[in-house]
Amino acid sequence: MTLTMTTRSIVAADEDTGNRLDRVLAAHVAELSRTRLKALIEAGAVAVGGRTIRDPSYRVNSGVAIVLDVPPPEPAKPEPEAIPLKVVYEDDDIIVINKPAGMVVHPAGGHQTATLVNALIAHCGASLSGIGGERRPGIVHRLDKDTTGLMVVAKNDKAHRALAAQFASHGRDGDEFERGYLAFVWGVPERPQGTIDRPIDRAPRARDHMAIREGGREAITHWQVLERYADGAELPRSTRLPRAGRAGKVAEPVAGLLACRLETGRTHQIRVHLASIGHPVMGDPTYGTGFRTKSALLSTNAQAALADLGRQALHAYLLSVKHPSSGEILRFRSELPPDLTRLHSELVRGRSESSQMSQDRG
């Protein structure tokens, strides 16, 4: 049986005037909760006067026509899908995979199929841990949809509990647990390494965004500068700043490569933390939008590589965990995927060309 979308049409009454859209819908559509209605509004399923409204707090006028499209119920349990997985390691307890860009970890919101969970169910069958529930079997941590790299999944409940404890402590209990990321960022911090200790919580005006917030959950990121790019000569004179210890005026690095290690695991932690110190991840569509114009300072080829990337330049390259059964420390590394390898190559090439131009002009 094929489930279809249903449409509800209502006309705002006099008593609805000036009320929030989600409240008005809740008063007229009793079978749906206000939380569900709010989610439908934000998903673009509600039109007021023929115009799509995504703001639940939108104020309604009497007599206006409101149309609500209600999608069919989501399947209660994810279905197996034969999606190829890049398996790095697998035994009876765990599976470690290299997640590609564009893959959501588990079904949620507008992503009900083609997720990592769908692929894992097809690959592992009934062996995945059930602790995470039907929609998150075996999942003990996540990567953002467009972040690539290493993930470990539990194949039984014992493994799930052991791994969850490791992710909860993030090595603070003395275990050799480690999660490392490579981040291409705008600009470069002045110091060679440092720590960001700033609490993170949901952003007040955009609930799908995170933000530095007093009273939020503890979040700690350690970072180290690995490389600096586009260090100077070909940049416009207006961008050149003096640097101590060197004669003349040269430009500060336009971009850099950082190695980041997590001491906590909050949603969007690295992206929010690096943006908070003025060095957002390159290509980040959420936390780095104010830096888009800086791409003009890159070489033409680097600009093209960044544009083609179409995502945040962030890769989970290192994962070290204690095996839940043997107690052996398993350490995995993942090379940069092709799109980030291309970006890296062009940034390095641009730096080399810039240095050569400096020598030629000297």
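Described in the following lines is the structure provided in the data block. (Residues numbered from 1 in each chain as written. Predicted model: local features only at pLDDT ≥ 70, side-chain atom pairs only at ≥ 80, totals over all residues. Heavy atoms only, no water.)

Okay, the nonpolar core next. Counting 51 residues, the largest nonpolar core has Phe184, Leu274, Met282 and Leu343 as the members making the most contacts within it. Every residue in contact with Leu343, bar those within four places of it in the chain, is listed here: Phe184, Ala302, Ala305, Leu306, Leu309 and Ala313. Residues Leu25, Val29, Val48 and Val70 belong to the second largest nonpolar core, which totals 19 residues. (Core = buried A, V, L, I, M, F, W, Y, C linked by side-chain atoms within 4.5 Å. Buried < 20%, exposed > 50% of the residue type's maximum accessible area, 1.4 Å probe, protein only. Contact = heavy atoms within 4.5 Å.)

Now for the pairing of strand E5 (residues 87-90). Relative to strand E6 (residues 94-99), E5 runs antiparallel, the two sharing three bridges. Directly across from Glu90, in E6, lies its bridge partner Ile95. Adjacent in sequence and paired antiparallel, E5 and E6 are bridged by three residues. (Pairing = 2+ DSSP bridges. Helix = DSSP H or I, 4+ residues; strand = E, 2+ residues; numbered from the N terminus.)

Right, let's get into the pattern of salt bridges. This model, assessed by the stated rule, comprises 12 salt bridges. Put simply, Glu31 and Arg8 hold a salt bridge, and the shortest N to O gap is 2.3 Å. One end of the pair, Glu31, is in the loop between helix H1 (21-28) and helix H2 (34-42); the other, Arg8, is in strand E1 (residues 6-11), and 23 residues separate them in sequence. The exposure class of Glu31 is exposed, given its relative accessible area of 54%. For Arg8, a relative accessible area of 28% gives the class partly exposed. (Salt bridge = Lys/Arg side-chain N within 4 Å of Asp/Glu carboxyl O.)

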